[in-house]
Amino acid sequence: MSGKRVVVVGAGPAGMMAAGCAAQLGCDTVLLEKNRRVGRKLNITGKGRCNITNNCTTEVLIANTVSNPRFLYSAFSRFSPQDTMAFFEQHGVPLKTERGNRVFPVSDKAMDITDALFAHCTKNGVRYVPECPAEGLVIEDGAVTAVKTGGRIFPCDSCIIAVGGCSYPGTGSTGDGYDLARQAGHTVTAIAPSLVPLEVAEDDCRQMQGLALKNISISVTDSKGRCVYTDFGELLFTHFGLSGPVILSASSHMKCAEGHKVSIDLKPALDEKKLDERIQRDFAQNLNKSFSNSLGALLPRSMEPVIVARSGIPADMKVNSITRQQRHQLVQTIKALTFTVTAYRPIEEAIIASGGVKVSEIDPKTMKSKLTEGLYFAGEIIDVDAHTGGFNLQIALSTGYTAGHCAADFCF
C-alpha cells in the first residue's frame with residue numbers, strides 16, 4: 001500500500017482510470033474536475049454510443065496511431081484492448097464488437113462507460129471534487145508539491161494531468177492543461193484539429209446536406225497528386241463540405257487541408273464494366289424518360305441533380321439518346337465524385353486535437369515527466385492521436401492506467 005497523496009486533474013476517461021488505479025493501490029487520491037459531472041466529453045462520443053476501444057492487437061493499435069505511435073508501446077502492452085474489455089465487463093458493462101472491430105456497450109449508452117469508470121474511483125475511495133478547475137502547480141526544488149485551484153490548495157506527492165486537449169471546448173476541454181504543463185517547463189507542440197470535418201470548394205455539397213452514405217470508398221490526394229489515404233465506410237454531406245467517419249480519419253493524414261482532393265467511389269462493389277452494365281439495365285427501363293429522371297434506382301434523390309450536373313449530360317436528354325461515351329462519363333462521375341478541400345473545420349468541432357506535451361519530455365514506460373519530479377500526464381494532453389475506431393479512447397485508458405499505477409510507485 002502506497003499511502004502517497006495523488007491529485008488527478010481532469011475527470012475524463014484517462015483521469016478516472018488513473019485516479020481509480022492510484023486509489024486502488026492505497027494512495028490518498030483526489031480527483032479534480034472543472035465541470036459538475038465527470039465524463040462530459042466521454043458521454044457524447046460515438047453519437048452517445050461510445051466506441052470505447054478496438055478489439056485488436058497492440059500492433060494494430062500502433063499502426064492506427066498517427067502521432068508518435070512508438071511512444072505508446074509500453075502503455076498499450078500494460079493495458080491492452082482486451083484489458084479494457086475485461087475491465088468494463090467486470091464493472092457490469094456488457095460489450096459488443098461491431099464492424100472494423102469497434103467495441104461498444106451493448107446498451108449503446110456512453111453513460112454506462114462513464115458510470116463504470118466513476119464507480120472504479122468511488123469504490124476505491126477517490127475523493128471527487130467537482131467544479132474545481134486547476135489554476136496552477138506548486139513546484140518546489142524541481143518537484144510538484146501541490147495543485148492550486150480557486151482559493152484552495154491540494155497538497156500532493158504526485159500529480160497526474162489528464163485534462164484533455166482543446167477540442168469540444170463546451171465540454172471543458174479548453175487547453176488549460178497546456179498551461180499547467182508549461183508551468184512545469186514542458187514544451188507544448190503545435191495544436192491543430194485532428195479527426196475533423198472538411199470544408200470544400202464545391203457548392204454541390206450544400207445540395208446534399210444531411211445525406212449520409214454507407215459502404216462508399218474514398219481516396220485522398222495531396223497537392224502533388226500523391227495518394228495519402230484510402231478508406232471504406234460512412235460519409236456525411238454537410239452545408240460546408242464533408243464529414244463522417246471516413247472523412248474524420250482522412251483529416252488526420254493531411255499535414256494541411258488546403259490542396260487535398262477527396263474522391264468518392266459511390267459504388268465500390270462494382271468495377272466500371274459492371275457499373276456500366278447496371279446503368280444500361282436501368283436505362284432500358286426508362287428509355288423515354290429524361291436523363292434527370294432515370295437515376296432513382298441508382299442514387300439517393302438529393303444526389304441525382306449533382307451527378308447529372310457533374311456528368312455533363314444534358315438533364316433533359318432522353319435516355320434513348322445517351323451515347324456510350326456519355327455513359328462512360330456518368331460511370332466516371334459515380335466512381336470518382338471529387339471535391340477540393342479548402343480548410344479544416346474549426347478545432348472546436350474536432351473530435352480530438354493533435355499536438356500537446358512533447359513526448360520526448362515524458363517517460364513512455366511510466367508517463368512521468370522527465371523535467372519535474374512527481375508530475376505525470378495521461379490522455380489527449382500528450383502529443384499522441386489516432387484514427388477513429390476506438391483507438392483514441394484506448395490511448396486515454398492505457399496512459400491513464402500507466403500513470404495511475406506509476407504515480408503510486410507500483411512497479412510493473
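Residues numbered from 1 in each chain as written. Predicted model: local features only at pLDDT ≥ 70, side-chain atom pairs only at ≥ 80, totals over all residues. Heavy atoms only, no water.

**Examining the packing of aromatic side chains**
Evaluated as defined, the whole model comprises 5 aromatic pairs. Centre to centre, the rings of F79 and Y401 are 4.5 Å apart; their planes meet at 25°, and the pair counts as stacked. Separated by 322 residues along the polypeptide, F79 in the loop between α3 (73–78) and α4 (81–90) and Y401 in helix α12 (residues 391–407) bring together distant segments of the chain. The cationic tip of R49 hangs over the ring face of F104; the distance from NZ or CZ to the ring centre is 3.9 Å. (Phe/Tyr/Trp six-rings, centres within 6.5 Å; stacked < 30°, edge-to-face > 60°. Helix = DSSP H or I, 4+ residues; strand = E, 2+ residues; numbered from the N terminus. Lys NZ or Arg CZ within 6 Å of the ring centre and 35° of its normal.)

**Focus: the sheet that holds strand β14 (residues 212–221)**
Within the closed barrel, the 6 strands sit side by side as β13-β16-β15-β14-β17-β18. Their pairing is antiparallel. Taking each pair of neighbouring strands and ignoring which way they run, the sheet shows an average axis angle of 45°. Pairing between strand β13 (residues 198–200) and strand β18 (residues 337–344): 3 bridges, direction antiparallel. By the bridge assignment, L198 is partnered in β18 with Y344. Contacting β17 (261–265) and β18, helix α11 (residues 324–335) crosses the sheet at an angle of about 115° to β17. (Pairing = 2+ DSSP bridges. Axes fitted to C-alpha atoms, helices over the stretch in contact; angles between N-to-C directions. Contact = heavy atoms within 4.5 Å.)

**Considering unusual backbone geometry**
For M367, which is not glycine, the phi dihedral falls at a positive 70°. Within the secondary structure, M367 sits in the loop between β20 (362–363) and β21 (368–369). Although it is not a glycine, D409 adopts a positive phi angle of roughly 65°. With respect to the element layout, D409 can be found in the segment after α12.

**Looking at the pattern of salt bridges**
Scanning the entire structure with this criterion turns up 20 salt bridges. Its salt-bridge partner being R5, residue D157 comes within 3.4 Å of it at the nearest N-O pair. Note that D157 is positioned in the loop between β10 (153–155) and β11 (158–161) and R5 in strand β1 (residues 5–9), a separation of 152 residues in sequence. The salt bridge involving E277 is made with K273; its shortest N-O contact spans 2.7 Å. Separated by 4 residues within a single helix, E277 and K273 lie in helix α9 (residues 272–284), roughly one turn from each other. With a relative accessible area of 58%, K273 lands in the exposed category. Connected via shared salt-bridge partners are R49, K96, E98 and D108. (Salt bridge = Lys/Arg side-chain N within 4 Å of Asp/Glu carboxyl O. Buried < 20%, exposed > 50% of the residue type's maximum accessible area, 1.4 Å probe, protein only.)

**Some points on the environment of G390**
Position of G390 relative to the elements: it lies in the loop between β23 (385–386) and α12. Assessed through its relative accessible area of 9%, G390 is described here as buried. Measuring from C-alpha to C-alpha, the distance between G390 and I52 comes to 5.3 Å, with 338 residues separating the pair along the chain.

**Notes on the side chain of T238**
Examined against the element boundaries, T238 turns out to sit in the loop between β15 (227–237) and β16 (241–243). Of the polar contacts made by the side chain of T238, one reaches the backbone nitrogen of F240; its length is 3.2 Å. Not counting residues up to four positions away in its chain, the partners in contact with T238 are C205, R206, Q209 and S243. (Polar contact = N/O pair within 3.5 Å; in protein donor to acceptor, adjacent residues only side chain to side chain.)

**Description of the sheet that holds strand β8 (residues 134–140)**
Read from one edge to the other, the open sheet built from 3 strands follows the order β8-β9-β10, with strand pairing classed as antiparallel. With one partner strand each, in any of the chains shown, β8 and β10 form the two edges of the open sheet. Averaged over all pairs of adjacent strands, the angle between strand axes in this sheet comes to 25°, irrespective of strand direction. Bridge count for strand β9 (residues 143–149) against β10 is 3 bridges, and the pairing is antiparallel. Paired with V147 across the two strands is F154, which belongs to β10.

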